[in-house]
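# Observations on the three-dimensional arrangement
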Amino acid sequence: MIVRIATEGQYEVSEDDEEALNELDMQAVGACELGDEQKFHAAFARLLEFVRTKGHPVPDDELSASQMILPPPDTSLEEARAEFTGEGLIPG
C-alpha cells in the first residue's frame with residue numbers, strides 16, 4: 001500500500017502492516033468524532049510515526065498512486081475532522 005503524508009512524500013507500507021495501520025487510522029477517527037484534540041494529536045502522531053518507521057520511502061522520481069493520503073503533520077483537529085470520518089482514510 002502506498003501512503004502519502006502531505007508535505008512529506010510517499011511511503012510503501014507492507015500488506016502485513018495494513019491491519020495495524022487501519023487500527024491507528026480508526027483511533028484518529030474516533031478522537032475526531034469525540035472532538036478530543038489531545039487524543040487526536042496523540043493518535044495522529046502514532047499513525048505518522050508508524051508510516052515513517054514501517055514504510056519505505058518511495059523515490060521522488062517514481063510516480064505511484066496513493067491508496068491513503070494523510071494530512072500534513074501540523075493538521076489541526078478542525079481540519080482533520082473533515083478528513084477523518086466514518087471508516088477512516090483507508091478505503092474499505
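Below: a short report on this structure. Quantities reported herein were computed from a predicted structural model and do not represent experimental measurements.

## Quick word on the overall build of the chain
What the chain contains, in helices and strands, is three helices and four strands. Element order for the chain, N to C, with α for helix and β for strand: β-β-α-α-β-β-α. Against the 2.2 N^0.38 benchmark of 12 Å for 92 residues, the chain shows a C-alpha radius of gyration of 12 Å, consistent with a compact globule. With the principal axes as the frame, the chain shows a C-alpha extent of 40 × 25 × 20 Å. Taken over 92 residues, the chain has a buried fraction of 37%. Long-range contacts, defined here as pairs at least 24 residues apart, represent 70% of the contacts in the chain between residues at least 6 apart.

## Observations regarding the sheet that holds strand β3 (residues 56-57)
The strands making up a sheet associate through backbone hydrogen bonding, with each pair oriented either parallel or antiparallel. The strand order β3-β2-β1-β4 describes an open sheet built from four strands, whose pairing is mixed. Because the sheet does not close on itself, it has two edges, and the strands there are β3 and β4 (68-70). Sheet analysis places strand β1 (residues 2-5) next to β4, joined by three bridges and oriented parallel. Of the residues in β4, the one forming a bridge with I5 is L70. The strands that helix α2 (residues 37-54) touches are β1, β2 (9-12), β3 and β4; relative to β4, the one it contacts most, it runs at about 125 degrees.

## A short note on the pattern of salt bridges
For the coordinates displayed, the defined rule picks out two salt bridges. The shortest N-O distance in the salt bridge between E8 and R52 comes to 2.5 Å. A residue pair is termed long-range when its members are at least 10 positions apart, and E8 in the loop between β1 and β2 and R52 in helix α2 qualify at 44 residues. When its relative accessible area of 31% is taken as the criterion, R52 is described as partly exposed. The partner of R81 in a salt bridge is E78, and the shortest N-O contact between them spans 3.6 Å. Within this pair, R81 and its partner E78 are both found in helix α3 (residues 77-81), separated by three residues, close to a single helical turn. Relative accessible area serves as the criterion here: at 57%, E78 is assigned to the exposed category.

## Describing the packing of aromatic side chains
The final tally for this structure, using the stated rule, is one aromatic pair. With 5.3 Å between their ring centres and 15 degrees between their planes, F40 and F44 make a pair best called stacked. Of this pair, F40 and F44 both sit in helix α2, separated by four residues, roughly a single helical turn. For the pair F40 and F44, one class covers both residues: buried.

What counts and what doesn't
- Residues numbered from 1 in each chain as written.
- Predicted model: local features only at pLDDT ≥ 70, side-chain atom pairs only at ≥ 80, totals over all residues.
- Heavy atoms only, no water.
- Helix = DSSP H or I, 4+ residues; strand = E, 2+ residues; numbered from the N terminus.
- Rg over C-alpha atoms; globule rule 2.2 N^0.38 Å.
- Buried < 20%, exposed > 50% of the residue type's maximum accessible area, 1.4 Å probe, protein only.
- Contact = heavy atoms within 4.5 Å.
- Pairing = 2+ DSSP bridges.
- Axes fitted to C-alpha atoms, helices over the stretch in contact; angles between N-to-C directions.
- Salt bridge = Lys/Arg side-chain N within 4 Å of Asp/Glu carboxyl O.
- Phe/Tyr/Trp six-rings, centres within 6.5 Å; stacked < 30°, edge-to-face > 60°.

None of the figures reported here should be taken as evidence of function without further support.
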